Amino acid sequence: MSFRYGLSLFFMSVIPGAWKRAAAGAGLLASDGGVAPTIFAEMSALAVRTGAINLGQGFPDEDGPVEVLDAAREAIAAGVNQYPPGRGTPDLLSAIAEHQLRFYGLDVDPASEVIVTAGATEALTATLLALIDGPDDEVVVFEPYYDSYAAAVALAGATLVTVPLRAPGFQPDLDELAASVSERTRIILVNDPHNPTGAVFSTDVLTEVVRLAHLQDAIIVTDEVYEHLSFHAPHTPIATLPGAAERTLTISSAGKTFSATGWKIGWVHGPADLITAVLTVKQYLTYVNGAPFQPAVAVGLRLRESYFTDAAALLARKHEILGEGLRAAGFAVHAPQGGYFTVADATALGGADAAAFCRALPERSGVVAIPLSAFVSPAHRQRYAGLVRFAACKRVEVLEEAAARLAHAGR
């Protein structure tokens, strides 16, 4: 199998106008040609102005394990404050490889098949810039999708092709998936567990992705940042499926697993030739990052297994608290299978236009949420028009207060 790296597209991306491609891909260009504010910024400002509880953005409001925090403090005190190696510190690279073997049975060479990045978003962007050749290439994603995907695809100069996820359960139709993958497909991008829907994809879906990737000689890129926050069954990396590893780049990060989203320590692993291509681009983005946080994340990845199972169980309980409050308020709740977010249908509460509903919700009930339409392409927003995303990754007492406030949403 031959892989085309398309590094020329990376260098094109730094010329004037690249920001417009990214903004246009994300649907953020204003009528005057500037960048319009995102719904996330708008809702966060509303939260501050109204004193509402912000369940819009997906970051925890409490710290992660003390062993990990202490390791970062110790690294700073020990002088680990300068540039780390370009691929990442050797100990973290080894810890990532150990983690993949321990949890999934994946044999990863830390010296040639892993790089550390500035969070999963940089890993994703560097991967797309490295592996896309030009405007004839297509990237297939499931829709709704994490908002940076469209911007990164546009920045790389490719075409975004979306496969809708269908409620309830938010699984794709396999025939629609097959019809979306063609000889122009360069990358199939899979986010599992899925943001924003909370879906965990079935084995049938993952197997079909691998089959289609082989059929069209495409690369599979996975975003697995919620890997340890799958509630009802252990996470299955697509790289563990037969025939997948040799064409899969697996992306994850420490932010969600260890409640340290501000550290921005991510990684990508896969075949050495693909990793070299990604590294070639990554070194011209951030170069390196997070020197004292890298040894701390290595400590985290080696924590006892009970830490990971307990973290998933606690988040599942938080979703239950939030879900109970939403149901009591009159929402129809789509219970998540993993991740930070609960999706609810606000139609019965007059929220057929979820964007308008979310703009009114802070004054109406003192809670901020995000319309699911923020995560879909403009042509398909009507499909998800009444759906709202709430973040459950907050303290229990905050979620209990939010649930009580939401009881007023139906009044």
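The chain appears in an unreviewed UniProt entry as Putative N-succinyldiaminopimelate aminotransferase DapC from Microbacterium hydrocarbonoxydans. Among the UniProt annotations of the chain, the heading Cofactor (unreviewed entry) holds the following wording: "pyridoxal 5'-phosphate". Per UniProt, the chain carries the Sequence similarities (unreviewed entry) text "Belongs to the class-I pyridoxal-phosphate-dependent aminotransferase family."

(A) The arrangement of the overall build of the chain in detail. Counting its secondary structure elements, the chain contains 15 helices and 14 strands. A compact globule built from 411 residues should have a C-alpha radius of gyration of about 22 Å, and the chain, at 21 Å, falls within 12% of that. Overall, the chain is about 60 × 50 × 45 Å in size when its C-alpha atoms are taken along their principal axes. Every one of the 411 residues in the chain was classed for burial, and the buried ones make up 57%. Taking the intrachain contacts of the chain between residues at least 6 apart in sequence as the baseline, contacts between residues at least 24 apart amount to 75%. Just so you have it, the chain exposes about 15900 Å², and 55% of that area is on carbon and sulfur atoms. Of the charged side chains in the chain, 29 are positive and 43 negative; the average position of the first set lies 6 Å away from that of the second.

(B) Here's a closer look at the packing of helix H3 (residues 39–50) against helix H14 (residues 354–365). Remark: H3 packs on H14, axes separated minimally by 10 Å, with the N-to-C direction vectors making an angle of 15°. Here H3 lies roughly parallel to H14, going by the angle between them. Where H3 crosses over H14, the two elements pack in a sense that is right-handed. Facing H3, whose interface residues are Ile 39, Glu 42, Met 43, Leu 46, Arg 49 and Thr 50, H14 presents Cys 358, Arg 359, Pro 362 and Glu 363. Partitioned by chemical class, the residues of the contact of H3 with H14 number 5 nonpolar, 1 polar and 4 charged.

(C) Spotlight on the domain arrangement of the chain. Each domain of the chain was delimited in the assignment, giving domain 1 (18–63 + 307–410) and domain 2 (66–304). The gap between the C-alpha centroids of domain 1 and domain 2 is 24 Å. Taken together, the contacts link 35 residues of domain 1 with 41 residues of domain 2. Carbon and sulfur atoms make up 64% of the area that domain 1 and domain 2 hide from each other, which totals about 3200 Å². If you sort the residues of domain 1 by the area they bury against domain 2, Tyr 307, Phe 308 and Gln 337 come out on top, with a joint share of 24%. Across the domain 1-domain 2 interface, the total number found is 0 salt bridges. In this structure, the connection of domain 1 to domain 2 is made through 13 residue pairs in polar contact (both at pLDDT 80 or more). Every element with two or more residues in the side of domain 1 that touches domain 2 is listed here: helix H2 (18–25), helix H13 (305–329), strand E11 (341–345) and strand E14 (387–391). Element by element, the count of residues in the side of domain 1 that touches domain 2 is highest for H13, at 7 residues. Among the residues forming the side of domain 1 that touches domain 2, the class breakdown is 21 nonpolar, 9 polar and 5 charged.

(D) Quick look at the UniProt feature "domain: Aminotransferase class I/classII large" (unreviewed entry) in the chain. The UniProt entry lists residues 52–406 under the feature "domain: Aminotransferase class I/classII large" (unreviewed entry), expressed in the numbering used here. Its end C-alpha atoms 11 Å apart, residues 52–406 is made of 40% helix and 17% strand.

(E) Expanded view of the sheet that holds strand E13 (residues 370–371). Spatially, E10-E11-E14-E13 is the arrangement adopted by the 4 strands of the open sheet, whose pairing is antiparallel. Strands with a single pairing partner mark the edges of an open sheet, and in this sheet they are strand E10 (332–334) and E13. Taken together, the 3 bridges between E10 and E11 define a ladder with antiparallel strand orientation. Paired with Val 333 across the strands is Ala 344, a residue of E11. Running at roughly 45° to E14, H14 makes contact with E13 and E14 of the sheet.

Thresholds, definitions, all that
- Residues numbered from 1 in each chain as written.
- Predicted model: local features only at pLDDT ≥ 70, side-chain atom pairs only at ≥ 80, totals over all residues.
- Heavy atoms only, no water.
- UniProt positions renumbered as here; feature names shortened; annotations may be inferred.
- Helix = DSSP H or I, 4+ residues; strand = E, 2+ residues; numbered from the N terminus.
- Rg over C-alpha atoms; globule rule 2.2 N^0.38 Å.
- Buried < 20%, exposed > 50% of the residue type's maximum accessible area, 1.4 Å probe, protein only.
- Contact = heavy atoms within 4.5 Å.
- Areas by Shrake-Rupley, 256 points an atom, 1.4 Å probe, with all protein chains shown as cover.
- Lys, Arg positive; Asp, Glu negative; His and termini not counted.
- Charge placed at Lys NZ, Arg CZ, Asp CG, Glu CD.
- Axes fitted to C-alpha atoms, helices over the stretch in contact; angles between N-to-C directions.
- Parallel < 35°, antiparallel > 145°, perpendicular 65-115°, else oblique.
- Left-handed = near helix turned anticlockwise from the far one by under 90°.
- Nonpolar A, V, L, I, M, F, W, Y, C, P; charged D, E, K, R; others polar.
- Domains from an automatic or database assignment.
- Buried area = accessible area lost by both parts, 1.4 Å probe.
- Salt bridge = Lys/Arg side-chain N within 4 Å of Asp/Glu carboxyl O.
- Polar contact = N/O pair within 3.5 Å; in protein donor to acceptor, adjacent residues only side chain to side chain.
- Pairing = 2+ DSSP bridges.

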